[in-house]
Each structure stands twice: as C-alpha cells, then as structure tokens.
Amino acid sequence: MASTTATHPRSRPYDLWAALTERWFLLGVAGCAAVAAAFLLVRLHAWPPHEDEALALFVGRDTLGGLLETVHGERGGAPLHFVVAWALVHLGGGLTALRLASALFAVASIPALAMLSARLAGRHVALAATALASASWLFLFHGVYGRMYSLFLLTSTLSYLGLLAAVERGGRRRWALWALATIATIAAHPYGALVLASQAVFVLARARTKEALAALVAVVVAGIPFWLTDRVLADRLDVGVGRGTARFPVLGYLSDAAGDASAGFLVALVPILVLAAVGWWRLRPAAGLLTACVVVVPALLLALAHLGHAASPESRHLVFALPFFSTILAAGLVAVFRLRPALLVALAVLLTAEVAWAWHRTPALFEGEAADRIEARQDASAWLAATARPDDVLFGYDPLFLGAWEHDRDFPETVVPRADAKLALSTLQSAASLGRGTWVLDAGDSNNRPPRSAIAYRLPEPASAFEGRVFGPYLVLRTREPTRTPARYLTLAESALRLGRDVGIVDDAGNLHTILLAEDRLR
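Residues numbered from 1 in each chain as written. Predicted model: local features only at pLDDT ≥ 70, side-chain atom pairs only at ≥ 80, totals over all residues. Heavy atoms only, no water.

Give a description of a nonpolar patch on the surface that names residues and reports values.
Taken together, the side chains of Val217, Val221, Ile224 and Leu228 make up a nonpolar region of the molecular surface, amounting to roughly 370 Å² of accessible area. Secondary-structure elements contributing two or more residues to the nonpolar patch are helix H11 (210-222) and helix H12 (224-237). With respect to the helices, strands and loops of the structure, valine 217 is situated in helix H11. The class of valine 217 is exposed, set by a relative accessible area of 52%. (Patch = residues over 30% accessible without salt bridge, like charges linked within 9 Å, V, L, I, M, F, W, Y side chains within 5 Å. Areas by Shrake-Rupley, 256 points an atom, 1.4 Å probe, with all protein chains shown as cover. Salt bridge = Lys/Arg side-chain N within 4 Å of Asp/Glu carboxyl O. Helix = DSSP H or I, 4+ residues; strand = E, 2+ residues; numbered from the N terminus. Buried < 20%, exposed > 50% of the residue type's maximum accessible area, 1.4 Å probe, protein only.)

Lay out the environment of alanine 114 with the relevant residues and their values.
Position of alanine 114 relative to the elements: it lies in helix H5 (residues 95-121). On the accessibility criterion, alanine 114 (1% relative accessible area) is buried.

Before we move on, could you go through the pairing of strand E7 (residues 474-479) and cite the residues and values that matter?
Where burial is concerned, most of E7 is hidden: 6 out of the 6 residues are buried. Burial along E7 is two-sided: Tyr474, Val476 and Arg478 facing one way and Leu475, Leu477 and Thr479 facing the other are all buried. Alignment of strand E6 (residues 466-471) against E7, held across 6 bridges, turns out to be antiparallel. Within the sheet, the bridge partner assigned to phenylalanine 471 lies in E7 and is tyrosine 474. Taken together, E6 and the strand that follows it, E7, pair antiparallel across an intervening segment of 2 residues, in which glycine 472 is found at a positive phi of about 60 degrees. (Pairing = 2+ DSSP bridges.)

Describe the side chain of threonine 427, and please don't skip the residues or the numbers.
When you line up the elements, threonine 427 lands in helix H21 (residues 421-430). The buried category is assigned to threonine 427, whose relative accessible area is 16%.

Give a description of unusual backbone geometry that names residues and reports values.
A cis amide bond links arginine 449 with the next residue in sequence, proline 450, at an omega value of 0 degrees. Within the fold, proline 450 resides in the loop between strand E5 (437-442) and E6. Here the bond from glutamate 461 into proline 462 is cis, since omega is -5 degrees, no more than 30 degrees from zero. Structurally, the position occupied by proline 462 is in the loop between E5 and E6.

Before we move on, could you go through the sheet that holds strand E4 (residues 414-416) and cite the residues and values that matter?
Strand order in the open sheet formed by 5 strands is E4-E3-E5-E7-E6, and the pairing between neighbours is mixed. Each edge of the open sheet carries a strand with a single partner, namely E4 and E6. Taken pair by pair, the neighbouring strands of this sheet meet at an average axis angle of 25 degrees, ignoring direction. Across 3 bridges, strand E3 (residues 393-395) lies against E4 in parallel orientation. Bridge pairing in E4 links valine 393 to threonine 414. Against the sheet, helix H22 (residues 486-502) makes contact with E3, E4, E5, E6 and E7, and its axis sits at roughly 10 degrees relative to E5, the strand it touches most. (Axes fitted to C-alpha atoms, helices over the stretch in contact; angles between N-to-C directions. Contact = heavy atoms within 4.5 Å.)

Here is the structure:
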C-alpha cells in the first residue's frame, strides 16, 4: 500500500526549506509547544469563569459511582472529562486545576498533531501546519477553557495517528493501539462518533483486512456504553435523524469552523480556503482520502440530522479536524510560495491573521476582565460562602457559586439546571430537602445588550419572600425561608426570573421558559 508520508511530486517544496525543516523539525515542534504553553499559562485566568466549568467541578464533587450514574443516567454525554474533573476535585483542585489540565492536554496535542501531519504530508509541511494549528483560536481558546475540547483534540489526533500506522503497517498490536485511542476519543466527546465514522469509511476503502475489520467491530462493541449515554444526551437535546425538519446549514458551519481553525475574517478566509483546496489536491491519494473522510463524512451525517433548539453545533465540535485543515493549509502555502523567503512571509502574515482573529473572537483571552467585575464576583462569592446553608437550592451552575465553593468546600450541592426542564424537575423531586432558593442576576453578562457594570437593587414579588444583595453588576436573590416543595420552589423561581427578564438579563428569558415548562410537567 502506498505510504501517506510523502507529497505528490508536483508539490515538491523548495529544497533548502525541506532540508531545514528536516533538520529542525523536532526543535520547531518543541518551540511551538513551548510558546503555546507559555501563552496558556499566562492567560489561564484571563477569560472569566464559565458555568460549564462549574458544572464539571460540581458534578465531580460526587463519588465516582455517583458521577458515572449522573452522566450515564441523567445528563448523558461522554464521561472522560467528568472523570478528570472528579479526580482533580478529590485531589483538592478547583478551577485553576481544571484549566491547567485543559492546557496540558492542548500542549500534549501539539507533538501528536505534528506527527500526524508529517505522516500526511511530510515534515516540511508538518512544521508549518503545527505552527498554524497552535496559533488558531480553536486551539488557544480551548487550551484555556476548562472543558473537554483539548482532551478531545488530543485523543482524536492519537486515534488518527494510530489509524495511519495500522493501515500502513498492519499487525494486531497497531490495530489494538488504534482501538484504545479511538475508545478514549469516544469517551472524551459525543462527536467521537463522527471520528469513528470517518475512520470506518477510510478503513473500508483502504484496508479491508480481517485485522482491520475485527478492530473496527471491537471498537463499535466496546463503545456500546458510550452510545447509550450519548442517546441520553440526544434525547435531552432533541437530536435525531430526519423528522422532516429544516436541515442544518452544513456549508456555513464548515466555513465558520475553517475560520476558527485559521482566520475568520472574510478577506483572509477566502484565500485560506483556496490554499487549503490546493493543499488537499497536492496530497498523496491515501492522505487526501482520509482528509476528505474527516470533512465529508461528518458533514453528511450532520446534514441528515435533526437538531433541536437546545443543540447548537459549534466549531469546537469539529476540533478533531484541526490537524487535517492545518495540514492542507500548510501544504497549499508550500505549494504556492515555492521560494523560502516568500513562504516565510506568507506564513508570518497568516499567523498574524490567526492571532488577530482569536483576539477578535474572544477579546478577554488577551485583554483580561475588568478589575471591578472580578472584585464584585469575588465579593459575591465570599458572601454566598459565608451565608449559605447546606440545603440551599442553587439555580444554574453560576460562576459565583463556583467561587463560593472554592471558599467553602461544604457549599450546597443541589443545583437546578437552567436549560433542561425535565432534569430541573427531576433534581427538585429527588432532593433530600429543599432549602432556600438562590438566583444570580448578572447585568454584566456579555449576552446582554449592552452589558452593564451595575444593577439596581430590586426584589421580586412578593418582596417579603426574598432577600437580595448587590455586588456591582450582580444581584443575588435568595428566599428568606426554605422552599420545601418543588411547586413552591418553581413559583418563587418564576418570580425571580421574571424580574431578571424585566431588568434586561437576556438569559433569564430562556431560564424562565425552563421554569414554566417544569411547572407544566409538575401539573
């Protein structure tokens, strides 16, 4: 079988550039990893805490068995990220530890990405591809964000790397290593199913051997627990196939993902896509086929899917395609700019555009958060930690609650999800006791138009049932007495969230909808 490690003869690069990259490949990759690590560590807390990070850490407070039951039976989705969060929590870690883990997975993915790119297109292209990938918004932001996406990037890259090794050289050991990496990918994110689908098409096209087919079947069977928990998540988010609904705009989605993997400014994205097309054309057939599978197979599956209003695929869900897109973009650069000085200038311009896009996409990652907002959040969290009772009922995984938990590890554990009426009602009905309800109205949230640095003191109706405190843009509301029953909690939650909606908190319109649906379910 033809190797995928060389480029098409027509794309042979400038000889001096090839010689330099062969000699300095390892050093260049190490340099990319070092620069990325330095950036991620320096900017680790520049982006404000997010509710999804609080979710992982709060779920991680449970026992390991309780966590797996929550993920597999209630929330759905891939459990590996939650297991990582559980380990960090039980080692005494919090948000910093979770973000450090995300940064570690991101940095570890750089050499894996370089090796995968080298197999696809050779070292001269791989070095440029590694630099491009590590400067992209998709990489930088998710290297800080304490969720599963850098872990997903690492496991999926190792899975594709293992696949190429197994297809090229065969052997039970290589196929077993591929299977392990692929199962880890499926455990890291539900979209690991798309990774497996793209690989299955490639295997059926290139390596229909007994070993390959046996490994593929083994992964499908071993993944059954993950398919089942993904089904739980799909039911929660109203995801399925067909159902006669409007189709997902796949081409626009792929264009957005390409922009986040490089530079999304239209003036930059158009030539980037042209260069990527040239680079894909220059790949060897096997490498070109795998790259096409990585893009086309997920696109076809998404085109056939029904996605409910709660499901919103974003560019991060295609982070597994980052090594391939960076590779064909780099291959296009090498093919078009054949003289080394021109290539270096083009690469520098593209890297600058990528950083500019990352800054445009998430300014806080580079500029940080306003000092008065940070102080207000810390004060509010400290007050919550000092005044909370064990049976208080928290609404949503608000970053203020995360900060309070980091002040006091005995902070209340009952959290009502804000975007899932069925799960919200289930949480209320299964709680041992329902204490005081607690809500946070954030006037400074970026979804508000415009975000505000202060909020007026107001209480919901009936005012006698609530107390409140203002901390800069935050209005913390709490019932004076325990809510005791799901019906009473939902009635007071409706009042609190109507106030939030009325004072311009955009998210509280959706939060109120959740509460109203939960009340309907209860009735």
